[in-house]
Amino acid sequence: LRSHRPFLWVARLANARGAAIDKPMSNPAVPVFIRSFDATRDYDSVARIYSDVWREFPETAAEIRHGDETRNEKLRHARFIAEVGGEPVGVAEYGQ
């Protein structure tokens, strides 16, 4: 993905008390690779990332897989994985 304008990254971090805080990060120093979601290997990573970001609403890989398998096939949906150094660090998705 390319952008002609600088964009702002937001990292969801935890403060000393464990509460989530958002920290803006412009121009990250490491390259991020965006790829399509792979159902054979990515459910655990997606569950970990979602649960790290939304600690008050943790999800399991099985719950996410079940949602995908029972989604109406007529509705569009796609998921993407952001990787740094081959390690999944972010998830993006869209759906109807």
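In the block above lies the structure referred to throughout.
A.B. asks: What's the story with the overall build of the protein in this structure? I'm lost.
C.D. replies: Within the protein, the regular secondary structure consists of two helices and five strands. Along the chain direction, N to C, the helices and strands of the protein fall in the order β-β-β-α-α-β-β. Relative to its full complement of 96 residues, the protein shows a buried share of 22%. Within the protein, contacts between residues at least 6 apart in sequence are counted, and of these 37% link residues at least 24 apart.

A.B. asks: Explain the side chain of Asp42 to me, please; I cannot follow it from the model alone.
C.D. replies: Along the chain, the position of Asp42 falls in the loop between strand E3 (33-36) and helix H1 (43-53). Look at Asp42 and you get buried, because its relative accessible area is 1%. In this structure the side chain of Asp42 is engaged in a polar contact, spanning 2.7 Å, whose partner is the side chain of Arg35. A distance of 2.7 Å separates a polar atom in the side chain of Asp42 from the backbone nitrogen of Asp38.

A.B. asks: I tried to follow the pairing of strand E5 (residues 87-95) on my own but got confused; where do I start?
C.D. replies: Side-chain positions along a regular strand alternate between the two faces of the sheet. The pairing of strand E4 (residues 77-84) with E5 spans eight bridges and is classified as antiparallel. Residue pairing across strands places Ile81 opposite Val91, the latter belonging to E5. The hairpin turn running from E4 into E5, its antiparallel successor, is two residues long, and Gly85 in that turn takes a positive phi close to 60°.

A.B. asks: Just checking my understanding: could you explain the pattern of salt bridges for this structure?
C.D. replies: Two side chains with opposite charge may pair up if their charged atoms get near one another. Applying the stated criterion to the full structure yields seven salt bridges. In this structure, the salt-bridge partner of Asp42 is Arg35, at a minimum N-O distance of 2.7 Å. Of the residues examined, Arg35 reaches a relative accessible area of 11% and is grouped as buried. In this structure, the salt-bridge partner of Glu87 is Arg48, at a minimum N-O distance of 3.7 Å. Note that Glu87 is positioned in strand E5 and Arg48 in helix H1, a separation of 39 residues in sequence. Classification of Arg48 by relative accessible area gives partly exposed; the value is 35%.

A.B. asks: Before we go on, may I ask you to explain the sheet that holds E3 in this structure?
C.D. replies: Across a sheet, paired strands are connected by hydrogen bonds in the backbone, their directions being either parallel or antiparallel. Across the sheet, which stays open at both edges, the three strands sit in the order E3-E4-E5 with antiparallel pairing between neighbours. Lying at the two open borders of the sheet, with one neighbouring strand each, are E3 and E5. In this sheet, adjacent strand axes meet at a mean angle of 25° when their direction is disregarded. Contacts between H1 and the sheet are confined to E4 and E5, with E5 contributing the most and set at about 90° to the helix.

About the thresholds
- Residues numbered from 1 in each chain as written.
- Predicted model: local features only at pLDDT ≥ 70, side-chain atom pairs only at ≥ 80, totals over all residues.
- Heavy atoms only, no water.
- Helix = DSSP H or I, 4+ residues; strand = E, 2+ residues; numbered from the N terminus.
- Buried < 20%, exposed > 50% of the residue type's maximum accessible area, 1.4 Å probe, protein only.
- Contact = heavy atoms within 4.5 Å.
- Polar contact = N/O pair within 3.5 Å; in protein donor to acceptor, adjacent residues only side chain to side chain.
- Pairing = 2+ DSSP bridges.
- Salt bridge = Lys/Arg side-chain N within 4 Å of Asp/Glu carboxyl O.
- Axes fitted to C-alpha atoms, helices over the stretch in contact; angles between N-to-C directions.

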